[in-house]
Amino acid sequence: QPRVHGDLTSPTSRMLLRSCAALLAAAGAESSLRAASSRRIATSIRATSSAADFALTVGKFLDLRSIVENADAHRRNLSERRVSVDIDRVSALYAEDRELERQLNGLRQQRKAAARAHGSGGVDVAAARALKDSVLALETRQTALRSELLTLALCIPNMSQKDTPIGDVPVETARVGSMPEPLAGGRKRDHLATQLFDFESGAAVSGHGFYFARNDAVVLELGLIQYALSLAIDAGFSPVITPELVAPHVVARCGFSPRDAAAQIYHVSPEADGVSTHCLIATSEIPLAGTLIDVTTTAE
């Protein structure tokens, strides 16, 4: 039976009590949680079968009209961010898509009129079949066009903030804090002499700039984590530990789409064909956002 000694009203003690209670509750509800998780994965997080399917699914949320109407601003933003996307091609495809949609609406109205005529016995079977074939042909053409249009549009980055420095020269936009005052007696601050950080081992294992935290540095970091966690819980937040790997479509839906030659996302490809099955997350907003895929929430 877990016991907590000391001040039970302190943030740390309250957090430990909550943890013990949660572990006991979880032990009795493990099977229910597993079943609920399986149902949610099956119904809510659905992987797309191809890049084209993904573009058609996610790209529908893009404001294509705004992109086309502000083509010059997007073209300038692309240049400043050194991203290559053919804005003129996007505009041309958008115009063609609008024209196809206009034609399809006209043909659909004709099909509705033909259906009403069929009810009164005055249908022209050959004409009705020709209308159906025409609609199918245009819809097939529009699907292929939209796949190309949305694939290109998804590569267009967001507009940069107006105060973002442009170019290769770093620009100081703000300075936070100040350097500490010198120690009395000419003494120097030497974090290496405290045996808290082992840079030598870090460099040998991982490279320059890495380190091993040791002794009180470990206790300090864990204490700060526990303190911050207790404050968050007391403020009404719920702690969550997320998976470190997520499906590629979840990463893409969150907007993490590399737009240059550098790999910004680590992919896991266990199969011989090299197809990515999972992506390594950097921070938890990606899997947390994934829990709400295909979920409609209210303001409450």
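Refer to the structure presented above.
Summary of the structure given here. All of these numbers come straight from a predicted model, not from anything done at the bench.

Thresholds applied
- Residues numbered from 1 in each chain as written.
- Predicted model: local features only at pLDDT ≥ 70, side-chain atom pairs only at ≥ 80, totals over all residues.
- Heavy atoms only, no water.
- Salt bridge = Lys/Arg side-chain N within 4 Å of Asp/Glu carboxyl O.
- Helix = DSSP H or I, 4+ residues; strand = E, 2+ residues; numbered from the N terminus.
- Buried < 20%, exposed > 50% of the residue type's maximum accessible area, 1.4 Å probe, protein only.
- Phe/Tyr/Trp six-rings, centres within 6.5 Å; stacked < 30°, edge-to-face > 60°.
- Expected span 1.5 Å × (residues − 1).

Moving on to the pattern of salt bridges. What the rule picks out here adds up to 14 salt bridges. Where arginine 75 meets aspartate 88, a salt bridge forms, and the shortest distance between an N and an O atom there is 2.7 Å. One end of the pair, arginine 75, is in helix 4 (residues 71-81); the other, aspartate 88, is in helix 5 (residues 87-119), and 13 residues separate them in sequence. A relative accessible area of 34% means that arginine 75 is categorised as partly exposed. Taken together, the shared-partner salt bridges in this structure form one network comprising Asp97, Arg98, Glu101, Arg108, Glu139 and Arg146.

Across all of its chains, the model carries 2 aromatic pairs by this definition. Centroid distance phenylalanine 197 to tyrosine 211: 5.3 Å. Interplanar angle 90°. Geometry classified as edge-to-face. With phenylalanine 197 in strand 1 (residues 197-198) and tyrosine 211 in the loop between helix 7 (199-205) and strand 2 (212-213), this residue pair connects regions lying 14 residues apart in the sequence. Given the relative accessible area of 45%, tyrosine 211 is considered partly exposed. Taking the centre distance of 5.5 Å and the plane angle of 45° together, the rings of phenylalanine 199 and tyrosine 211 count as tilted. Residue phenylalanine 199 is found in helix 7, and its partner tyrosine 211 is found in the loop between helix 7 and strand 2; the two are separated by 12 residues along the sequence. Assessed through its relative accessible area of 32%, phenylalanine 199 is described here as partly exposed. Through a chain of ring-to-ring contacts, the aromatic side chains of Phe197, Phe199 and Tyr211 assemble into a single cluster.

When the terminal C-alpha atoms of helix 8 (residues 216-234) are compared, their 26 Å separation across 19 residues agrees well with the 27 Å that a helix rising 1.5 Å per residue should span. Following helix 8 by one or two positions, glycine 236 has its phi on the positive side, about 105°.

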